[in-house]
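What the coordinates show
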Amino acid sequence: NRDYIGFATLPDQVHRKSVKKGFEFTLMVVGESGLGKSTLINSLFLEDLYKNRVVPDVNEKLQKTTTIDKKTMEIEEKGVKVRLTVVDTPGFGEAINCEDSWKVCVNYIDEQFRQYFTDESGLNRRNIQDNRVHCCLYFVPPWGHSLRQMDLDLMKRLHRKVNLVVVIAKADCLTSLEVATLKKNILNDIKENGIQMYEFPECDSDEDEEFKQQDRELKASIPFAVVGSNSILEVAGRKIRGRQYPWGVVDVENPKHSDFLKLRTMLISTHMQDLKDVTEDVHYENFRAQCISQISQ
Ligand code: GDP
Ligand code: MG
C-alpha cells in the first residue's frame with residue numbers, strides 16, 4: 001500500500017505530550033542540480049510538492065546563485081501529525097560563484113538555530129516553532145568514482161551543524177556491483193577526510209530479532225543508493241511509483257532496485273526522533289555554546 005508511510009509508530013518513540021502537539025521535522029536536500037533531489041522528495045512524501053515549479057531559463061540560471069526553496073506540509077497518519085518542511089537548494093554547482101552556493105546552505109541552517117535561540121530566551125518559550133534542520137540529505141552523483149573535492153568541501157562546512165546523510169543519486173544508472181564499489185569508495189573518502197556523518201544509534205538489546213535484522217540491513221546500506229520517480233505505473237495490475245525503461249521498470253519501492261524504502265522508513269518512522277535528539281543535543285548545543293561565548297566576550 002503506497003499511501004502508507006509508517007510514521008504512526010512515532011508515538012512509541014516519545015512522550016504522549018509531544019504526540020498531541022505533533023511533530024516538527026525539517027529535511028534539507030543538498031547537491032548538484034539535476035541529481036533528482038526534487039523528484040526524490042516527491043517520491044518520499046507522496047505529494048507533488050514541486051508541481052508548480054517553474055524551470056528557470058538559461059539566463060536566469062547563469063545569474064542566480066543557489067536559492068532556498070522551502071515547502072511545508074502537514075501529514076497525518078492514524079492521528080499522528082507531522083509538520084514536515086522540505087528545504088530544497090536548487091542549482092548547486094551551476095552557480096557561477098560556487099563560494100556562494102555553500103554559504104546559502106550553511107546560512108540557512110545557522111539562521112534557524114539563531115531564531116530558535118532567540119525564541120528560547122524569549123517570553124513564550126512553550127510554543128516555539130522548531131524550524132531547525134534535522135537532517136540533510138547530501139546527493140552524490142552516480143557517475144563518479146567517489147566524492148569530488150567540492151563534495152568534501154561542502155560536507156566539511158555542514159557536518160558539525162547538521163545530521164548528514166549521504167545518498168547516491170539516480171542509482172538506477174548503476175549495476176549492483178558498481179553501487180557496491182561506489183559505496184565503499186564514498187565511505188572510505190568520508191573516513192579519510194574526517195567527515196562526521198549522522199551516526200545511526202546502536203540497536204537496543206531488548207529489541208526483537210526482526211528489528212535487529214532490519215537495523216543491521218539499514219546500517220549495511222549506507223550510503224543509501226536511491227531512485228526517485230514522479231510517475232505512477234501500472235505493472236501486473238498493481239500501481240507502483242517507477243521508472244519505465246525500454247527493457248523494463250525500475251520500481252522505486254522495491255528493495256532489490258534501490259535503498260529508497262530504507263531511507264524513507266529511517267526518516268519517517270524509525271529514526272525521526274533520534275535525528276531530532278541529535279540536532280538538539282549536539283548541533284544546536286554547539287551553536288548555543290558559540291553564541292554564549294560570543295556574548296560573554
Ligand atoms: P534536482 O535538480 O536535483 O531537483 O533534479 P530533478 O528532481 O529536477 O530531476 C532532474 C532529472 O533527473 C529529471 O529529468 C528527472 O526525471 C530525472 N531523475 C530524477 N530522479 C531520477 C532517478 O532516480 N534516476 C534517473 N535515472 N533519473 C532521475
Ligand atoms: Mg530541484
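You'll find the structure just up there.
All of the points below concern the structure found in this document. (Residues numbered from 1 in each chain as written. Chains lettered and ligands numbered in written order. Predicted model: local features only at pLDDT ≥ 70, side-chain atom pairs only at ≥ 80, totals over all residues. Heavy atoms only, no water.)

Before going further, it helps to spend a moment on the overall build of the protein chain. Per the secondary structure count, the protein chain includes nine helices and nine strands. Taking all 297 residues of the protein chain together, 46% fall into the buried category. Sequence separation of 24 or more characterises 71% of the internal contacts of the protein chain that already satisfy a separation of 6 or more. For the protein chain, the accessible area works out to roughly 16000 Å², and carbon and sulfur atoms hold 48% of it. (Helix = DSSP H or I, 4+ residues; strand = E, 2+ residues; numbered from the N terminus. Buried < 20%, exposed > 50% of the residue type's maximum accessible area, 1.4 Å probe, protein only. Contact = heavy atoms within 4.5 Å. Areas by Shrake-Rupley, 256 points an atom, 1.4 Å probe, with all protein chains shown as cover.)

A pair of packed helices is captured by two measures, namely the crossing angle of their axes and the spacing between those axes. Look at helix 7 (residues 209-220) against helix 8 (residues 260-270): their axes get within 11 Å of each other, and the N-to-C directions meet at 120°. Comparing their axes, helix 8 and helix 7 come out oblique. Taken as a pair, helix 7 and helix 8 cross one another with a handedness that is left-handed. Here F211, Q214, E217 and L218 of helix 7 lie close against helix 8, whose contacting residues are K262, T265, M266 and T270. Its residues assigned to classes, the contact of helix 7 with helix 8 comprises three nonpolar, three polar and two charged. (Axes fitted to C-alpha atoms, helices over the stretch in contact; angles between N-to-C directions. Parallel < 35°, antiparallel > 145°, perpendicular 65-115°, else oblique. Left-handed = near helix turned anticlockwise from the far one by under 90°. Nonpolar A, V, L, I, M, F, W, Y, C, P; charged D, E, K, R; others polar.)

Near ligand 1 there are 14 residues, and of these G34, K37, T39, D172 and G228 occur at the shortest range. T39 is positioned such that a nitrogen or oxygen atom in its side chain is 2.5 Å from an oxygen atom of ligand 1. The contact in question runs from an oxygen atom of ligand 1 to an N or O atom on the backbone of G228, over 2.8 Å. In the complex, the protein chains occlude 71% of the 580 Å² of accessible area that ligand 1 would expose alone. Those elements that place two or more of their residues in the shell around ligand 1 are helix 2 (37-45) and strand 8 (238-245). Per element, the largest residue contribution to the shell around ligand 1 is three residues, and it comes from helix 2. Taken together, the residues of the shell around ligand 1 break down into three nonpolar, six polar and five charged. (Near = heavy atom within 4 Å. Polar contact = N/O pair within 3.5 Å; in protein donor to acceptor, adjacent residues only side chain to side chain.)

Here we come to the sheet that holds strand 2 (residues 69-77). Across the sheet, six strands lie side by side as 2-3-1-4-5-6; this open sheet has mixed pairing. Whereas interior strands pair on both sides, the edge strands pair on one side only; in this sheet they are strand 2 and strand 6 (224-225). Running at roughly 80° to strand 1 (residues 23-30), helix 9 (residues 272-295) makes contact with strand 1, strand 3 (80-88) and strand 4 (135-140) of the sheet. (Pairing = 2+ DSSP bridges.)

Let's shift gears to the state of the cysteines. This model, assessed by the stated rule, comprises zero disulfides. With no disulfide partner, C203 has as its closest neighbouring cysteine sulfur the one in C135, 19 Å distant. Taking the relative accessible area as the measure of exposure, C203 reaches 23% and is therefore partly exposed. (Disulfide = S-S within 2.5 Å.)

Counting across every chain of the model gives 16 salt bridges. Between R132 and E280 there is a salt bridge, with its nearest N and O atoms 2.8 Å apart. A residue pair is termed long-range when its members are at least 10 positions apart, and R132 in the loop between helix 4 (98-120) and strand 4 and E280 in helix 9 qualify at 148 residues. Judged by its relative accessible area of 3%, R132 is buried. Looking at E280, the relative accessible area reads 27%, which means it is partly exposed. Within this structure, E32, R148 and D151 form a network of salt bridges that share partners. (Salt bridge = Lys/Arg side-chain N within 4 Å of Asp/Glu carboxyl O.)

Our focus in this paragraph is the side chain of T89. Summarising the element assignment, T89 is placed in the loop between strand 3 and helix 4. The class for T89 is buried, based on a relative accessible area of 0%. Within the local environment of T89, its side chain forms a polar contact with the backbone oxygen of V29, the two atoms lying 2.7 Å apart.

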